[in-house]
Amino acid sequence: MSARTLPGHTAAETGATDELRVGVIGLGFAGTTHLDAFTALPGARVVALAGQEPARLAELADTRGVEHRYEDWRELVARDDLDVISIGVPNDLHHPIAMAALQGGRHVFCEKPLAVTGALAEEMVQAAREADRVLEVAYNHRRRTDVQWLRRHLDSRPFGDIYHARASWLRRTGIPGLGSWFTSKATAGGGPLIDLGSHVLDIALFLLDEPKVTSVSAVAYNHLGAAGRGGGNKVASQRLDFDFEVEDFASALCRLDNGASLQLEASWASYSKAHEDIEVDLLGAVGGARLHVDNYSTTDTLTVYSDVAGAPTISKPQLRDPGKHHQSVIAEFLTAIDAGAETPEGQPRYVGHYGEFALHRSRVVDAVYQSAAERREVEVPQ
Ligand SMILES: NC(=O)c1ccc[n+]([C@@H]2O[C@H](COP(=O)([O-])OP(=O)(O)OC[C@H]3O[C@@H](n4cnc5c(N)ncnc54)[C@H](O)[C@@H]3O)[C@@H](O)[C@H]2O)c1
């Protein structure tokens, strides 16, 4: 038996050997990135693709050699020969697709955010545990070369206690597809905070060694989007008749269970930065660091602050480009599936890979929106 043909695994039932059979849902940036990453990686083969743009579906399937094509996700998930379902669709569809896939015994790779609410995300994590299948979430930016370097650097505690962090992703005019599903509360769950803020929240919590956010005090505004300004990025989904119901800017002070704090900010559109700016600052007792990705810059993104012989010192680690971070998280997903094959029968195989980290991020996002709406500090359920 191949390492990939796990007991109870669909491939084993169907007699497949080495490769995991993957179905990808979505044809936009996310779906295309998943398709290309699974295609590039050994041990997996995309055999089915679904999406609602017929010309794009045909082009992607033809150029990547994908045999089976579907307009709706339900037809793809109904296949009985898939080991993995990869979800790159509007946020409100993550939950129904993942639940159907997990309950059918498939591993799931899901785009961020895990779901539009923490309650739905919790159901997905529970379903992954019950089915004992991997539920991995595409927090790909944490797999950037610079973030990974900084995480390794932090292992020796070079900054002492880190007492405060700032994490922001700010766009000048970058509302994804003004009028698309991204701007509807029901389909997206929120605006830039759930979309971009959840990525920098993930980076910050990862660098800080996974403290829990215990409470948040937040604000959210919507001055540009509601007035039809700040539209930028295109999306594949063709409907562009959604109202603008979400924030275009949010800011939250998060208290952490280790006594530290985190200021989180996200905008799709704001009169602040020239283009698009990702920043994570760590302030420690004896040193600090700053990640600054200016308009998708690929080098010179890290600065480390310290004192050398009593003098304030700045160093700039020379790192290669950020790497294919979406492909890295999908490679980790495949590795987690493989690792489960070694687990003794009856033991949970995928602790840490049932979507638990993403669930905490979803709960923080919920608390930010509640705090902004109620104008008070809100506790994050654990
Ligand atoms: N991790 C990242 O860096 C990153 C980047 C972009 C988007 N995303 C996430 O990826 C997801 C999709 O974003 P996008 O920008 O690709 O969106 P998009 O609008 O460009 O594409 C959405 C796709 O979903 C398909 N779809 C919608 N309903 C469907 C259905 N019933 N059956 C089958 N297919 C259906 C559409 O046809 C379209 O191809 C979102 O959750 C978003 O947050 C993540």
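Residues numbered from 1 in each chain as written. Predicted model: local features only at pLDDT ≥ 70, side-chain atom pairs only at ≥ 80, totals over all residues. Heavy atoms only, no water.

Considerations on the sheet that holds strand β1 (residues 20-25)
- Taken together, 6 strands build an open sheet; the order of strands is β3-β2-β1-β4-β5-β6 and the sheet is parallel. A single partner strand is all that each edge strand has here, and the edge strands are β3 (68-70) and β6 (135-137). The average angle at which neighbouring strand axes cross in this sheet is 25 degrees, direction not considered.
- Bridge count between β1 and strand β4 (residues 84-87): 4 bridges; the pairing is parallel. Across the sheet, residue Ile25 finds its bridge partner in β4, namely Ile87.
- Packed on one face of the sheet, helix α10 (residues 325-340) meets β1, β2 (44-50), β4, β5 (107-110) and β6 and runs near 165 degrees to β5. (Pairing = 2+ DSSP bridges. Helix = DSSP H or I, 4+ residues; strand = E, 2+ residues; numbered from the N terminus. Axes fitted to C-alpha atoms, helices over the stretch in contact; angles between N-to-C directions. Contact = heavy atoms within 4.5 Å.)

Regarding the sheet that holds strand β13 (residues 302-308)
- The mixed open sheet is built from 9 strands, whose spatial order is β14-β13-β12-β11-β7-β10-β9-β8-β15. The open sheet terminates on both sides in strands that have one partner only, identified here as β14 (311-315) and β15 (378-379).
- Of the strands in this sheet, β7 (162-171), β8 (213-221), β9 (249-256), β10 (261-267) and β11 (276-284) are in contact with helix α9 (residues 192-207), which crosses β10 at around 150 degrees.
- Against the sheet, helix α11 (residues 356-374) contacts β8, β9 and β15, and its axis sits at roughly 50 degrees relative to β8.

A closer look at the site of the ligand
- In the vicinity of the ligand lie 31 residues, with Glu53, Asn91, Asn140, Ala236 and Ser237 positioned nearest.
- Asn140 is positioned with one of its side-chain polar atoms (N or O) 2.8 Å from a nitrogen atom of the ligand.
- A distance of 2.7 Å separates an oxygen atom of the ligand from a polar atom in the backbone of Ala236.
- Protein burial of the ligand: of its 850 Å² of free accessible surface, 92% is covered by the chains.
- Of all elements in the fold, only α2 (29-40) and α9 reach the threshold of two or more residues within the shell around the ligand. (Near = heavy atom within 4 Å. Polar contact = N/O pair within 3.5 Å; in protein donor to acceptor, adjacent residues only side chain to side chain. Areas by Shrake-Rupley, 256 points an atom, 1.4 Å probe, with all protein chains shown as cover.)

Concerning the packing of α2 against α10
- Between α2 and α10, the shortest axis-to-axis distance is 9 Å and the interhelical angle comes to 60 degrees. The angle between the axes of α2 and α10 places the two elements in the oblique class. Judged by the sense of rotation from one axis to the other, the crossing of α2 with α10 is right-handed. Taken together, the residues of α10 that come into contact with α2 (itself represented by Phe29, Thr33, His34, Ala37, Phe38 and Ala40) are His326, Gln327, Ile330, Phe333 and Leu334.
- When its residues are assigned to classes, the contact of α2 with α10 shows 7 nonpolar, 4 polar and no charged. (Parallel < 35°, antiparallel > 145°, perpendicular 65-115°, else oblique. Left-handed = near helix turned anticlockwise from the far one by under 90°. Nonpolar A, V, L, I, M, F, W, Y, C, P; charged D, E, K, R; others polar.)

Side note on the domain arrangement of the protein
- Splitting the protein by domain gives domain 1 (10-139 + 325-361) and domain 2 (145-322).
- One C-alpha centre belongs to domain 1, the other to domain 2, and the line joining them spans 26 Å.
- Domain 1 puts 17 residues into the contact, and the matching count from domain 2 is 21 residues.
- Interface area for domain 1 against domain 2, summed over the two sides, is near 1,600 Å², with a carbon-plus-sulfur share of 55%.
- Of all residues in domain 1, the largest losses of buried area upon contact with domain 2 belong to Tyr139, His360 and Arg361, amounting jointly to 37% of the total for that side.
- Between the two partners, domain 1 and domain 2, sit 3 salt bridges.
- Between Glu210 and Arg361 there is a salt bridge, with its nearest N and O atoms 2.8 Å apart.
- On inspection of domain 1 and its partner domain 2, the count reaches 7 residue pairs in polar contact (both at pLDDT 80 or more).
- Here the element with the most residues in the side of domain 1 that touches domain 2 is α11; it accounts for 3 residues.
- Here the residues of the side of domain 1 that touches domain 2 sort into 8 nonpolar, 5 polar and 4 charged. (Domains from an automatic or database assignment. Buried area = accessible area lost by both parts, 1.4 Å probe. Salt bridge = Lys/Arg side-chain N within 4 Å of Asp/Glu carboxyl O.)

Quick look at empty space enclosed by the protein
- Counted according to the given criterion, the structure contains 1 cavity of 30 Å³ or more.
- Estimated volume of the largest cavity: approximately 50 Å³.
- Along its surface, the largest cavity is lined by Thr145, Asp146, Thr298, Thr299, Asp300, Thr301, Pro317, Leu319, Arg320, Asp321 and Pro322.
- For the lining of the largest cavity, the per-class residue count stands at 3 nonpolar, 4 polar and 4 charged. (1 Å grid on protein atoms, 1.4 Å probe; cavity = no way out; pocket = protein on both sides within 12 Å on 5 of 7 lines; lining within 4 Å. Points joined across faces, edges and corners; volume = space filled by probe spheres on them.)

Points about the environment of Val286
- Within the secondary structure, Val286 is located in the loop between β11 and β12 (288-294).
- The spacing of Val286 and Leu319 is 33 residues in sequence and 23 Å in space, taken between C-alpha atoms.
- Residue contacts for Val286: discarding those within four places in its chain leaves Pro158, Phe159, Gly160 and Ser306.

What to know about the pairing of β5
- Residues His107 and Phe109 line one face of β5 and the alternating positions Val108 and Cys110 line the opposite face, and both faces are buried.
- Sheet analysis places β4 next to β5, joined by 4 bridges and oriented parallel. Bridged to Val84 within β5 is His107.
- Viewed along the sheet, the connection from β4 through helix α5 (residues 94-103) into β5 turns out right-handed. (Buried < 20%, exposed > 50% of the residue type's maximum accessible area, 1.4 Å probe, protein only. Right-handed = clockwise from strand over helix to strand, strands pointing away.)

A look at the nonpolar core
- Core analysis: the biggest nonpolar cluster contains 58 residues, and Ile25, Phe38, Leu49, Leu76, Ile85, Leu114 and Leu135 have the highest contact counts within it.
- In contact with Phe38, other than residues within four places in its own chain, are Val22, Val24, Ala44, Val46, Val84, Ser86, Phe109, Ile330, Phe333 and Leu334.
- Judged by nonpolar contacts, the second largest core, of 55 residues, contains Leu150, Leu193, Val200 and Val368. (Core = buried A, V, L, I, M, F, W, Y, C linked by side-chain atoms within 4.5 Å.)

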